[in-house]
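Topology and contacts: notes
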Amino acid sequence: MGIYQWSTTAAENDDAADDINWAEGQAPSTVNNSARQMMADVAEWIQDNQMWVSARYYGATGDGTTDDTAALQSALDTGKNVLIERGTYLVTAELLTKANYQRVHGAGRNETIIEVKSGFDLTDSGVFHVDHLLCEIADLTVRFDQSSATDRASLVAYPPAIYCDGASAGRRLRGFRLRFEAAYEGVVMNGNAGGALFDDIECGSLHRGFVADGTLAVVELRRWHVWPFGFAADTTLFDGIYQDGNTVAWRMGKMDALKMVSCISLRGKFETFEGVGSRGPFGEITGLSMDQQSAVIDIAAGELNVAGFYSTKNGASDYYLKVSGNAQVTLSSYDMGTGGASSEPLIEVTGGVLTMGNGIVGTGAHDNTILSVSGGECLVSNTRFFGTDIARSNPLIEQSSTGTLSLTGCRFTPTISAGSGTALSVGADGTHVIMGNQFGGYDVSLPAVADMVFAANEGIGNVAAVNEYAGAHRFDRVSADRIFTAALTIADDAVETYTPAVGSGALMVIASGNRVALLGYSTAAGATYSIAETGSGVIELADGALTGTTGNDTKITIGCHTDGDIYVENRTGSSVTARIVPLG
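Within the protein, the regular secondary structure consists of 4 helices and 41 strands. Across the 584 residues in the protein, those meeting the buried criterion constitute 52%. Restricting the contact set of the protein to residue pairs at least 6 apart, pairs at least 24 apart contribute 60%. Accessible area for the protein stands at about 23,200 Å²; split by element, carbon and sulfur atoms hold 49% of it.

This is how it looks when you write it as structure tokens:
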């Protein structure tokens, strides 16, 4: 009989619930027994008629030592939503969903613990195996026992905390307020799992935190935090294994729509690969923080737009970002700073396309190459490259082989005074664009043959060589470049010299503001010729060396000598400043 047939009048209960004594005037013990039975009947009725069932009702103990696998599975087998109350539940086999829209909720990730130890069936797909549409897991922790591990090879390769397999209709799994402690893998989604939504996840995985390949719908990760949850104080797991550079926070194959928002990784990498159909992920990442060594980004496939990227590094073999294969990456609003000397370029492009702009990238006091482009294409704009005023042996930006580089509107700081080195080394000719940059006193190294655009750059340390290079390679943009030699300050009745990089060509000399002369020269002949002057007519030409009083009084005289120098003599009656621009 159902509880809906009960009555407050004893005589009316003759046909209701025979296991309860309805007689009047019973002894207290009999009344207590009847009350207990009534409470059990009410609990059963609630279980049968509501959307949620209790794991405890099906025999789960939550004492941390009893195997609660069968009880938890019995609750799931109802097809209803399952509440797993506060406690620690030891499981030895996977927990399989049984209905679409089924939800599994704990009492909170600090309250409900699913305990996985060495007796767990390692052939199972996952601790939670989601095999139905739009299921949800929330408010609990899955804790794994890795106490026997002494190194990465001896980790127990447990199934992932959550596994979701593909189906034609997709699964569209949802997870909220979860924690994975000492997991081998956190979440694995294979095939067309139909997308997913995870929010507020604390992932402490020693191998891989999140893996997906083949989804045809949106996979959205919000506030996914990668950290050594559950083993931060374990020197073997944290220091010896987690930090060995092989921990992967997120591994993405084919994904038709990836969205990541406000995610952070401590020492776990983000990587993409060619997955199903030889495709990688397509999507956007907003607010990504990669903290400390090994927290790197390695994109070998896919198309990703990353906005709001923060990264710090302090390891000897660290980098921020690598782009390879056919990957296409757009990076904006970034701040990347290193506290350690790396043996690798901090940003490396060997294939694909990297477009980056509006950010800060630095090496600190270390002699690192910031950006290396040896293949593919890299377009950098409005970026501040910073270091310290030291002598550098490695170029800050290096192009080589088949890589194509566009560098526009960038600044190198601080402006060096005691230091030295090369800001930009272009090792191979190509359709490069180097335009509108402030090099902060660093040198620039350019290839022997140049088809590239090189214009409007300032603050070049080896400016004389670069100007002559520009003239020799007939950069017709030089007149607008404002790339000058170091200014020649010449006292009255004195002379200064300038050494051009090539033996003959044309020069523009700007002296004392509005006095501009255009002339040709030949150091082989020791001659100057073809003057055209604007201003007050005070610039004259001469052949050979000048002494300071060779030319006419009140004049500036320019001469060329076979010693390879251009001589500029001042007899105007006061000190003057002259700038020399090679024209070709």
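On to the side chain of Asp 68. As for its position among the elements, Asp 68 is in the loop between strand 2 (63-67) and helix 2 (69-77). Put simply, Asp 68 is tucked away with no salt bridge, and the nearest opposite charge, on Arg 56, sits 6.8 Å away. One polar contact links the side chain of Asp 68 to the main-chain amide nitrogen of Thr 61, over a distance of 2.9 Å. If near-sequence neighbours (up to four positions away) are discounted, Asp 68 is found in contact with Gly 59, Ala 60, Thr 61, Gly 62, Asp 63, Thr 88, Tyr 89 and Leu 90.

Let's shift gears to the environment of Glu 569. Counting through the fold element by element, Glu 569 comes out in strand 40 (residues 566-570). When neighbours within four sequence positions are excluded, Glu 569 is seen to be in contact with Ala 494, Val 495, Leu 546, Thr 547, Gly 548, Thr 549, Thr 550, Gly 551, Lys 555, Ile 556 and Thr 557. There is a polar contact of 2.8 Å between the side chain of Glu 569 and the backbone nitrogen of Gly 548.

For the structure on display, the rule yields 11 aromatic pairs. Where Tyr 57 meets Tyr 58, the ring centres are 5.2 Å apart and the plane angle is 80°; that geometry is what we call edge-to-face. Given the relative accessible area of 37%, Tyr 57 is considered partly exposed. Relative accessible area serves as the criterion here: at 27%, Tyr 58 is assigned to the partly exposed category. Three or more aromatic residues link up through ring pairs in this structure, and these residues are Phe 198, Phe 210 and Trp 224. Positioned above the aromatic ring of Phe 273 is the side chain of Arg 251, whose terminal nitrogen or guanidinium carbon lies 3.9 Å from the ring centre. Above the plane of the ring of Tyr 319 lies Lys 322, whose end atom (NZ or CZ) is 4.3 Å from the centre.

Moving on to the pairing of strand 11 (residues 173-190). For a regular strand, the rule is simple: side chains alternate between the two faces of the sheet. With 15 of 18 residues buried, strand 11 is to be regarded as a mostly interior element. Summarising the sheet, strand 9 (residues 136-144) and strand 11 pair through 7 bridges and their orientation is parallel. When the sheet's bridge partners are listed, Ile 137 is paired in strand 11 with Gly 175. Where strand 11 lies against strand 12 (residues 196-213), 13 bridges are found, and the strand directions are parallel. By the bridge assignment, Val 187 is partnered in strand 12 with Phe 210.

Inspection of the secondary structure assignment puts Asp 165 in strand 10 (residues 162-165). Excluding its chain neighbours within four sequence positions, the residues that come into contact with Asp 165 are His 129, Val 130, Asp 131, Arg 171, Asn 190 and Ala 193.

This part is about the sheet that holds strand 38 (residues 539-543). The strand order across the open sheet formed by 4 strands is 34-40-39-38, and the pairing between neighbours is mixed. With one partner strand each, in any of the chains shown, strand 34 (494-498) and strand 38 form the two edges of the open sheet. For this sheet, the mean angle separating the axes of adjacent strands, direction not counted, is 25°. Sheet topology places strand 39 (residues 556-560) next to strand 40; 5 bridges connect them, and they run antiparallel. In the strand pairing of strand 40, Gly 559 is matched with Tyr 567.

Glancing now at the pairing of strand 7 (residues 112-116). For strand 7, the tally of buried residues reaches 5 of 5 residues, placing the bulk of the element in the interior. Of the two faces of strand 7, the one holding Thr 112, Ile 114 and Val 116 and the one holding Ile 113 and Glu 115 are both buried throughout. Taken together, the 5 bridges between strand 4 (residues 87-91) and strand 7 define a ladder with parallel strand orientation. What sits directly across from Thr 88, in strand 7, is Ile 113. Relative to strand 9, strand 7 runs parallel, the two being bridged by 4 bridges. Residue pairing in the sheet places Glu 115 in a bridge with Arg 143 of strand 9.

Turning our eyes to something else, we now look at the environment of Thr 330. Tracing the backbone through its elements, the reader meets Thr 330 in strand 21 (residues 328-338). Judged by relative accessible area, which is 35%, Thr 330 ranks as partly exposed. For Thr 330 and Glu 284, which are 46 residues apart along the polypeptide, the C-alpha to C-alpha distance reads 9.3 Å. Thr 330 has contacts with Leu 304, Asn 305, Val 306 and Thr 355, leaving out every residue within four places of it along the chain.

With that settled, the discussion passes to the confidence of the model for the protein. Parts of the prediction with low pLDDT should not have their coordinates interpreted in detail. Averaged over the protein, the pLDDT score is 86; the fraction of residues at 70 or greater is 83%. Below a pLDDT of 50 lies the segment residues 471-484, which in the model reaches 37 contacts outside its immediate sequence neighbourhood of four places, other chains included.

Position of Gly 351 among the secondary structure elements: in the loop between strand 22 (347-349) and strand 23 (353-364). Residue Gly 351 is classed as buried on the basis of its relative accessible area, which comes to 8%. For the pair Gly 351 and Glu 377, spaced 26 residues apart in sequence, the C-alpha to C-alpha distance is 7.0 Å.

This next bit is on unusual backbone geometry. A cis geometry characterises the amide bond from Thr 413 onward to Pro 414, with omega recorded as -5°. Looking at the secondary structure, you find Pro 414 in the loop between strand 28 (411-413) and strand 29 (422-426). One non-glycine residue, Asp 139, lies in the positive phi region at around 60°. By the secondary structure assignment, Asp 139 is in strand 9. Positive phi outside glycine occurs at Ser 278, with the angle close to 55°. Within the element layout of this structure, Ser 278 appears in the loop between strand 16 (269-272) and strand 17 (281-291).

This part is about the nonpolar core. For soluble globular proteins, nonpolar side chains are generally found buried alongside one another. Core analysis: the largest hydrophobic core is formed by 112 residues, its most contacted members being Phe 180, Phe 198, Phe 210, Trp 224 and Trp 250. Ranked by residues supplied to this core, first place goes to strand 11 with 8 residues. If we skip the residues at most four places from it in the chain, Phe 210 touches Val 187, Met 189, Phe 198, Val 219, Leu 221, Trp 224, Ala 249, Trp 250, Arg 251 and Met 252. Among the nonpolar cores identified, the runner-up in size contains 19 residues, and Ala 511, Ile 539, Cys 560 and Val 568 belong to it.

All right, on to helix 2 then. Buried within helix 2 are the following residues: Thr 69, Ala 71, Leu 72, Gln 73, Ala 75 and Leu 76. Following helix 2 by one or two positions, Gly 79 adopts a phi angle in the positive range, close to 80°.

This next bit is on the pattern of salt bridges. Summed over all chains, the structure comprises 19 salt bridges. With its nearest N and O atoms 3.0 Å apart, the salt bridge here joins Asp 199 to Arg 223. Here Arg 223 lies in strand 13 (residues 215-226) and Asp 199 lies in strand 12, a separation of 24 residues in the sequence. We note a salt bridge from Arg 251 to Glu 271, for which the minimum N-O separation is 2.8 Å. Here Arg 251 is found in strand 14 (residues 248-252), whereas its partner Glu 271 is found in strand 16, with 20 residues between them in sequence. Among the ionic contacts, a cluster of salt bridges with common partners joins Arg 109, Glu 115, Arg 143, Arg 179, Glu 181, Asp 200 and Glu 202.

Cut-offs used in this document
- Residues numbered from 1 in each chain as written.
- Predicted model: local features only at pLDDT ≥ 70, side-chain atom pairs only at ≥ 80, totals over all residues.
- Heavy atoms only, no water.
- Helix = DSSP H or I, 4+ residues; strand = E, 2+ residues; numbered from the N terminus.
- Buried < 20%, exposed > 50% of the residue type's maximum accessible area, 1.4 Å probe, protein only.
- Contact = heavy atoms within 4.5 Å.
- Areas by Shrake-Rupley, 256 points an atom, 1.4 Å probe, with all protein chains shown as cover.
- Lys, Arg positive; Asp, Glu negative; His and termini not counted.
- Salt bridge = Lys/Arg side-chain N within 4 Å of Asp/Glu carboxyl O.
- Polar contact = N/O pair within 3.5 Å; in protein donor to acceptor, adjacent residues only side chain to side chain.
- Phe/Tyr/Trp six-rings, centres within 6.5 Å; stacked < 30°, edge-to-face > 60°.
- Lys NZ or Arg CZ within 6 Å of the ring centre and 35° of its normal.
- Pairing = 2+ DSSP bridges.
- Axes fitted to C-alpha atoms, helices over the stretch in contact; angles between N-to-C directions.
- pLDDT = per-residue confidence, 0-100.
- Core = buried A, V, L, I, M, F, W, Y, C linked by side-chain atoms within 4.5 Å.

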